[in-house]
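# Summary of structural features
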Amino acid sequence: MKSISYIFFLLLFCHQSHAFLNIESLRQQKAQKPGLLGSTGLRLNDQKGNVDKTLFQLNTLNRLSNGKSHYIFLGQYRYGKSFSQEDTRQGHLHLRYTRQSYERLASEYYIQSEFNKFENLSLRVLGGAGLRLRLFANDKASLFTGLGAFYEKEDLENDRDPENPRGNLYLSSLIQIKNSQLSSTLYYQPNTEDFNDFRFRFNIGLETLLMKNLSQSIEYTIRRDTRPPRGILKTDAQLTAGIHIRY
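Scoring rules and cut-offs
- Residues numbered from 1 in each chain as written.
- Predicted model: local features only at pLDDT ≥ 70, side-chain atom pairs only at ≥ 80, totals over all residues.
- Heavy atoms only, no water.
- Helix = DSSP H or I, 4+ residues; strand = E, 2+ residues; numbered from the N terminus.
- Pairing = 2+ DSSP bridges.
- Core = buried A, V, L, I, M, F, W, Y, C linked by side-chain atoms within 4.5 Å.
- Buried < 20%, exposed > 50% of the residue type's maximum accessible area, 1.4 Å probe, protein only.
- Polar contact = N/O pair within 3.5 Å; in protein donor to acceptor, adjacent residues only side chain to side chain.
- Contact = heavy atoms within 4.5 Å.
- Salt bridge = Lys/Arg side-chain N within 4 Å of Asp/Glu carboxyl O.
- Patch = residues over 30% accessible without salt bridge, like charges linked within 9 Å, V, L, I, M, F, W, Y side chains within 5 Å.
- Areas by Shrake-Rupley, 256 points an atom, 1.4 Å probe, with all protein chains shown as cover.
- Phe/Tyr/Trp six-rings, centres within 6.5 Å; stacked < 30°, edge-to-face > 60°.

Here the phi dihedral of phenylalanine 83 falls at roughly 50 degrees; this positive angle occurs in a residue that is not glycine. Along the chain, the position of phenylalanine 83 falls in the loop between β3 (69-82) and β4 (85-99). Positive phi, close to 60 degrees, is recorded for asparagine 120, a residue that is not glycine. Assignment of secondary structure puts asparagine 120 in the loop between β5 (105-116) and β6 (121-137).

Let's shift gears to the pairing of β6. Pairing geometry for β5 and β6, over eleven bridges, is antiparallel. In the sheet register, glutamate 108 faces β6, and the bridge partner there is glycine 130. Taking the residues that link successive antiparallel strands as the turn, the β5-β6 hairpin has four residues, and the phi of asparagine 120 there is positive, at about 60 degrees. One ladder, built from 15 bridges, connects β6 with strand β7 (residues 141-156); its direction is antiparallel. Bridge pairing in β7 places leucine 133 opposite threonine 145. Counting the residues that bridge the hairpin from β6 to β7 gives three residues.

A few words on the nonpolar core. The biggest cluster of nonpolar side chains holds six residues, and these are Ile23, Leu26, Leu37, Leu61, Ile72 and Leu74. Contributions of two or more residues to this core are made by α2 (23-27) and β3.

On the secondary structure map, threonine 226 appears in the loop between β11 (214-225) and β12 (235-245). At a separation of 3.0 Å, a polar atom in the side chain of threonine 226 contacts the main-chain carbonyl oxygen of asparagine 196. Contacts of threonine 226, omitting those with residues within four sequence positions, involve Asn196, Asp197, Phe198 and Lys234.

What follows deals with the pattern of salt bridges. One pass over the structure, following the stated rule, counts 17 salt bridges. A salt bridge links glutamate 154 to arginine 124, with the nearest nitrogen and oxygen atoms 2.5 Å apart. With glutamate 154 in strand β7 and arginine 124 in strand β6, the pair connects residues that are 30 residues apart, well separated along the chain. For arginine 124, a relative accessible area of 11% gives the class buried. Through salt bridges with shared partners, a single network forms among Glu114, Arg124, Glu152, Glu154, Arg166, Asp197, Arg199 and Asp225.

Note that lysine 53 resides in strand β2 (residues 53-66). Its relative accessible area of 23% is what places lysine 53 among the partly exposed residues. In this structure, the C-alpha to C-alpha distance between lysine 53 and glutamine 85, residues 32 residues apart in sequence, is 9.0 Å. Discounting chain neighbours no more than four positions away, the residues touching lysine 53 are Asn45, Asp46, Gln47, Lys81, Ser82 and Asp87. Within the local environment of lysine 53, its side chain forms a polar contact with the side chain of aspartate 87, the two groups lying 3.5 Å apart.

Turning to a nonpolar patch on the surface, a few remarks are in order. Residues Leu133, Leu135, Phe136, Leu171, Leu186 and Phe200 make up a contiguous nonpolar surface patch of roughly 440 Å² in combined accessible area. The element best represented in the nonpolar patch is β6, accounting for three residues. As for its placement among the helices and strands, leucine 171 is situated in strand β8 (residues 163-177). The exposure class of leucine 171 is partly exposed, given its relative accessible area of 37%.

Moving on: the packing of aromatic side chains. The geometry of two aromatic rings is summed up by the distance between their centres and the angle between their planes. Applying the stated rule across the entire model yields five aromatic pairs. Considering the side-chain rings of tyrosine 97 and tyrosine 109, the 6.4 Å spacing of their centres and the 20 degrees angle between planes classify their relative orientation as stacked. With tyrosine 97 in strand β4 and tyrosine 109 in strand β5, this pair connects stretches of sequence that are twelve residues apart. According to the relative accessible area criterion, tyrosine 109 is partly exposed, its value standing at 43%. Ring centres of tyrosine 188 and phenylalanine 198 lie 5.7 Å apart, and the angle between their planes is 50 degrees; on these two criteria the pair is classed as tilted. Here tyrosine 188, found in strand β9 (residues 180-191), pairs with phenylalanine 198, found in strand β10 (residues 194-211); they are ten residues apart in sequence, far enough to count as distant.

Structure representation (structure tokens):
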């Protein structure tokens, strides 16, 4: 009952919940006017009794458009405890600038930092650039691809601290289905000094509009890192669902 009260309170109080399934879903929204588009949300799950668990999450995803220039800011922090023992502490920040050079081609530049205590990642920082190509787009669907590279440095617990260049290739799509949108993104990031060391990430989500500013979503993400920190599994998958307030 206590958890239900929290959810009801947050839906009324929060200015916005996370309204877009991923960064690509936000970037491919149609008919955007110059200005700010995005969402900021706060989530809290508190259970006592047979299950003693607390989970706090703060996230924001924003896009500022000004002519041919587009700025994206993404941030998230998660913290959790189970039976008074901390079991979740992670966060990341991402800042991206995109310049629409031609009708179908854009250049992009980005920096990112992240940490995850329970994946033995104290800090990862990276910066990179690339090109983004629109393969096709209409009122019902769009498909984009990107090609670029970045340089990263990692601070790992009880392990060596690698730093290396990586390629960055992605393919993203958005499909409109009546009052729903299906989005997916596929990333491939090989170490250009050792192609046996690569990261793979696939995300797919369905968001359905229930009312003018209220939607529900379900999202599945799978990640694979062939050279994770010591003691961490190579493959990680997550399924999430939620209700969001949009603008």
